[in-house]
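# Reading the structure
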Amino acid sequence: MKFINFVIALALCAAGTVWAMPAIQQWHTASGARVLFVQNKDLPILDVSIDFPAGSGYDTAATSGLANLTQHMLRLGAGGMSEDDISRKLADIGAELSSRFGRDQAGLALRTLADAPIREQALDVFTRVLTQPEFPEAVLKRERGRLVAALEDADTRPGTIASHTFVRLIYPDHPYGLRGAGEPETLRTLTRDDLMNFYRQHYNAKHAVIAIVGDVTLDDAQAIAGRITRDLPAASAQVPVIPPVPDLAAAETRMIPHPASQAHILIGAPGISRSDPDYFSLLVGNFVLGGGGFVSRLTDEVRDKRGLAYSVYSYFEPLKRRGPFVIGMQTRKNQVKQALTVVRDTLRKFIADGPTAVEVKAAQDNLIGGFPLRIDSNRKVLGYLGVIGFYDLPLTYLDDFREHVKAVNIADIKRAFARHLDPDKLVTVVVGAAPNAGKSPSQK
């Protein structure tokens, strides 16, 4: 039945019939947390998430990895429960506790049956994890060592080397350029006091965003939101603001030798913030450029016409500040120079000329027709509520998505790409190629 309902919804959407999301209800708890709630009685399930401005963008070079380690340790001992106690109590009732972490935000999500006794036990564990973390010394030492070993292993892999180098180059001297997991040398210095201080500063209700989706009443949702935030740390000081992201001063190409069988390539620059008015123009335009999979310009030029790679892609990652724009691919080492030339030429032509009317229409149809897949479960709706709340988007964002996409035209896309991307100021990272391969004369 659920599949049939989804097919009907997709058909209605494709046919142009007006559709709407369930109403999003919003309020603030007595402690200051913002709450977004969607009631859904189709399944006896409750999903709850809470996010804080506590991502890696709030680390410093000296404390790289602190935000991630603090979030990771929350559920490894809290409120008199060991990590095994927490796992067992949740497993006994079939509840799930998961983590959410990024450059801007960190938090937790709970999924449980909506039945009151089961919900009560799950929320008790969830609340204690959120409000009474213990950061046990022995567990911290173990996890710190495990993370260091994982990083040292990852740093031998070409994909990790490429990603880490790329981010550092597009965000020099900015916290977005720090690795979310941290660095081995900084992780080794982090103490329990560091984690507790970070928790007290960032995990407070005043700056929290709660999303609730499921088979509970509005009164239930209000009680849940109040309960899980009541005993969070008081907001004793303003959370530090992530600084603006400057433009790149010039193009930079970094060639890193590696014995991998293929070269890993990343090209890009700082892109846009989540509140940027060009968001939908860039969404549609990037679908044409490299976000549309096998129907994109980059795939046509790189894969179909020349066989230089199996897959090539591009995307914008909008954040509080300007998140990255990325073009990525893998190719044979002896094809690096040709592949870079094709990608750069394709991007330059796209920025100068924009897409065709046929390409725009196809991108709009695909984005609109596929949108029901983005909201076809409680978990996906929960994720969108968290984004809407955290980035202060309109409550009608999901209802308006279709019209915003339909309103984009060729001129909008050309203006947006020209405004946000300079093809002469891009970072290029190639891991697995000989030095100087693929560089322009000015970059050698």
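Presented here is an overview of the structure given in this document. Model, not experiment: these values are computed from the prediction.

When the terminal C-alpha atoms of helix H6 (residues 158–170) are compared, their 18 Å separation across 13 residues agrees well with the 18 Å that a helix rising 1.5 Å per residue should span. At its buried positions, H6 is contacted by strand E9 (252–256), strand E10 (262–270), strand E12 (324–332) and strand E13 (427–431).

Turning our eyes to something else, we now look at the sheet that holds E12. In spatial order, the strands read E9-E13-E10-E12-E11; together these five strands make up an open sheet with mixed pairing. Strands at the two margins of the open sheet, each flanked by one partner only, are E9 and strand E11 (312–316). The average undirected angle you get between the axes of adjacent strands in this sheet is 10°. One ladder, built from five bridges, connects E9 with E13; its direction is parallel. From the neighbouring strand, methionine 255 faces E13, where its bridge partner is valine 430. Helix-sheet contacts for helix H12 (residues 336–353) involve E9, E10, E12 and E13, and the interaxial angle to E12 is about 145°.

A few words on the packing of helix H2 (residues 66–73) against helix H8 (residues 192–202). A pair of packed helices is characterised by two quantities: the angle between their axes and the separation of those axes. It is the contact of H2 with H8, at a shortest axis distance of 9 Å, that shows an interaxial angle of 85°. Comparing the axis directions of H2 and H8 gives the class roughly perpendicular. Contact with H2, carried on its side by Leu66, Ala67, Leu69, Thr70 and Met73, involves Asp194, Leu195, Phe198 and Tyr199 of H8 and no other residues of that element. Along the lines of polarity and charge, the residues of the contact of H2 with H8 split into seven nonpolar, one polar and one charged.

As a further point, take the layout of surface pockets. Taken as a whole, the second largest pocket spans an internal volume of roughly 640 Å³. As for the second largest pocket, its lining consists of 30 residues, of which Arg274, Tyr279, Phe316, Glu317 and Pro318 are closest to the centre. Residue assignment for the lining of the second largest pocket shows that the elements contributing at least two residues are helix H10 (279–291), E11, helix H13 (357–369), helix H14 (371–374) and helix H15 (378–390). Per-element accounting of the lining of the second largest pocket gives the leading share, six residues, to H10. The class makeup of the residues in the lining of the second largest pocket is 16 nonpolar, eight polar and six charged.

Reading the values: the criteria
Residues numbered from 1 in each chain as written. Predicted model: local features only at pLDDT ≥ 70, side-chain atom pairs only at ≥ 80, totals over all residues. Heavy atoms only, no water. Helix = DSSP H or I, 4+ residues; strand = E, 2+ residues; numbered from the N terminus. Expected span 1.5 Å × (residues − 1). Contact = heavy atoms within 4.5 Å. Pairing = 2+ DSSP bridges. Axes fitted to C-alpha atoms, helices over the stretch in contact; angles between N-to-C directions. Parallel < 35°, antiparallel > 145°, perpendicular 65-115°, else oblique. Nonpolar A, V, L, I, M, F, W, Y, C, P; charged D, E, K, R; others polar. 1 Å grid on protein atoms, 1.4 Å probe; cavity = no way out; pocket = protein on both sides within 12 Å on 5 of 7 lines; lining within 4 Å. Points joined across faces, edges and corners; volume = space filled by probe spheres on them.

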